[in-house]
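The residues making up each chain are set out below.
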Amino acid sequence: MSRVLITGGAGFIGSTLAHRLVKNNEITVVDDLSMGKKENLADIDVNFIQHDVCDHEFMHQLLDNGKFDYIYYLAAVSSVADSVKRPLRTHKVNQESVIDTLEYIRKQKLSLKKFLFTSSAAVYGNLPDFPKKESSHVQPLTPYAVDKYASERFTIDYGRLYGLPTVAVRFFNVYGPRQNPDSPYSGVLSIVTKCLKQKKPFTIYGDGSQTRDFIYVEDVVNAMIKIATETKSPTVYNIANGNETPLIDVIHTYEKITGIKLNIIRKKTRQGDIDKSKADVSKLRQIGVKPKWSLQDGLTNYWEYL
Ligand code: UD2
């Protein structure tokens, strides 16, 4: 039985992780519910604290009292658009809170088995090299991407400089139950799911040929747990399937699964949208992580969950 802290644990990925770990671990979740929902944790027994991770004093006390073995750091303002609108506020969450936590762990010499920071494929930007390896050039184009990149470097550097047991991951396009579809910048498959369910029109930006490397949330938490518990070096891993699928193909697959025809409205490509995305997942394979969910199975499971 390990003691686990999940910051942002009421959100989409954090709550899925909490569900997976709760059986054999003592879980504490900190979430200010700015994006997450308490209902995401309603059916499991976790120590839930509604609080902002930017409150450093609060976090220090929590770290002192919690005696955590594992910290999964998912608290973030995950909206790129929001980071463009309010860069200072999002910076405080997406970078400052991470540095403060690392610094406190170092100063207080807190004993920890792993600190895992969650970054994003956003760090790769729109460079033409393809597929994206962890060693590929980065091009953080938004405040969100800049903060994610800086925080993952801090995480890794605290491992290299001070021997803290740290690791970072870069999520590609994660989908599945509990993803919030309520913003135009929510994950596209949560929006498609909502439109299918409510028989509402779906707006596709561009011609649908843009590709993404979609990965089911269950595979994501499996990868995170394996990386947190079985790897030793402070480094970064892509978390993706390693396949690129055109958006329009995913939509057609989903239509077949549900038997519902989506009413598609076409609009021009969104500003800043990337054309292609695909991860090189060989580093993940080297540690024995192989996603179990095909797109077909993941979408079927997602639909059945609703
Ligand atoms: C993902 C991340 C984003 C950032 C970015 C970096 C998510 C939800 N977003 O954006 O935070 O890291 O990668 O590259 O993981 N689309 C539609 N209709 C809609 C919504 C989306 O056509 O109603 C399109 C959208 O224009 C894009 C594709 O679907 O071409 C995927 O959109 P997304 O927002 O799910 O993810 P992405 O890869 O743009």
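Our structure's up above, just so we're on the same page.
Summarised in this report is the structure supplied together with it.

Cut-off values and rules
- Residue numbers run consecutively from 1 along every chain, following the written order of its sequence.
- Under the rules for a predicted model, residues below a pLDDT of 70 receive no local features and side-chain atom pairs below 80 are neither given nor counted, while totals for whole chains, interfaces and linings still include all residues.
- The side-chain values count all of the structure's non-hydrogen atoms but skip hydrogen atoms and water molecules.
- One heavy atom suffices: a residue is near a molecule or strand as soon as one of its heavy atoms comes within 4 Å of it.
- Here a polar contact is recorded for every N or O atom pair within 3.5 Å, except that within protein the pair must consist of a potential hydrogen donor and a potential acceptor, and residues adjacent in sequence are included only if both atoms are side-chain atoms.
- Accessible surface area values rest on a Shrake-Rupley calculation with a 1.4 Å probe, where residue burial reflects the displayed protein chains alone.
- A run of DSSP states H or I qualifies as a helix once it reaches four residues; a run of E qualifies as a strand once it reaches two. Both are numbered from the N-terminal end.
- For salt bridges, the criterion is a side-chain nitrogen of Lys or Arg within 4 Å of an Asp or Glu carboxyl oxygen.
- Here, two residues are considered to be in contact whenever any of their heavy atoms come within 4.5 Å of each other.
- Only C-alpha atoms enter the line fits that serve as axes; for helices the fit covers just the stretch in contact. Angles between N-to-C directions range over 0 to 180 degrees.
- Oblique is the label for any angle not under 35 degrees, not over 145, and not in the 65 to 115 range, which are roughly parallel, roughly antiparallel and roughly perpendicular in turn.
- Helix crossings get a hand from a simple test, with the near helix turned counterclockwise from the far one by less than a right angle marking a left-handed crossing and a clockwise turn marking a right-handed one.
- Classification used: nonpolar for Ala, Val, Leu, Ile, Met, Phe, Trp, Tyr, Cys and Pro, charged for Asp, Glu, Lys and Arg, polar for all others including Gly.
- Planes of paired rings set the category: under 30 degrees apart is stacked, over 60 is edge-to-face and the rest tilted, where pairs are Phe, Tyr or Trp rings (Trp by its six-membered ring) whose centres lie within 6.5 Å.
- Buried means the residue's accessible area, taken with a 1.4 Å probe over protein chains only, is under 20% of the maximum for its type, while exposed means over 50%, and partly exposed covers the values in between.

Let us look at the site of the ligand. As a matter of local geometry, the ligand sits amid 21 residues, with Val188, Thr203, Tyr205, Arg212 and Asp273 nearest to it. Within the side chain of Arg270, an N or O atom sits 3.4 Å from an oxygen atom of the ligand. Contacts to the ligand include Asp273, whose side-chain N or O atom sits 2.7 Å from an oxygen atom. Relative to its free-state accessible area of 720 Å², the ligand is covered by the protein chains to the extent of 85%. At the level of elements, α6 (188–197) and β8 (202–205) are the ones that each hand at least two residues to the shell around the ligand.

Turning our eyes to something else, we now look at the pattern of salt bridges. Under the defined criterion, the tally for this structure stands at 13 salt bridges. As a salt-bridge pair, Lys132 and Asp129 come within 3.0 Å of each other at their nearest N and O atoms. Residues Arg212 and Asp273 are paired through a salt bridge, measuring 3.0 Å at the closest nitrogen-oxygen approach. One end of the pair, Arg212, is in strand β9 (residues 211–212); the other, Asp273, is in the loop between β13 (264–267) and α9 (282–286), and 61 residues separate them in sequence.

On to the environment of Met224, then. With respect to the helices and strands, the residue Met224 is situated in helix α7 (residues 217–230). Counting along the chain gives 106 residues from Met224 to Thr118, while the straight-line C-alpha distance between them is 9.1 Å. With sequence-adjacent residues up to four places away left out, Met224 is seen in contact with Ile13, Leu17, Tyr72, Leu74, Leu116, Thr118, Phe171 and Ile239.

On to the packing of helix α1 (residues 12–21) against α7. Relative orientation of the contacting elements α1 and α7 amounts to 65 degrees, with a least axis distance of 9 Å. When the axes of α1 and α7 are compared, the pair comes out roughly perpendicular. Read as a crossing pair, α1 and α7 show a hand that is right-handed. Contacts from Phe12, Ile13, Thr16, Leu17, Arg20 and Leu21 in α1 reach Val217, Glu218, Val220, Val221, Asn222, Met224 and Ile225 in α7. Here the residues of the contact of α1 with α7 are counted per class, giving 9 nonpolar, 2 polar and 2 charged.

Next up on the list: the packing of aromatic side chains. Considering all chains together, one arrives at 8 aromatic pairs under this definition. Measuring from centroid to centroid gives 6.5 Å for Tyr73 and Phe117, while their planes differ by 40 degrees, and the two rings are tilted. Here Tyr73 is found in strand β4 (residues 70–73), whereas its partner Phe117 is found in strand β5 (residues 114–120), with 44 residues between them in sequence. A relative accessible area of 0% places Tyr73 in the buried class. When the centroid spacing of 6.0 Å and the interplanar angle of 35 degrees are considered together, the rings of Tyr124 and Phe172 count as tilted.

It is worth stressing that arrangement in space is one thing and function is another; only the former is reported here.
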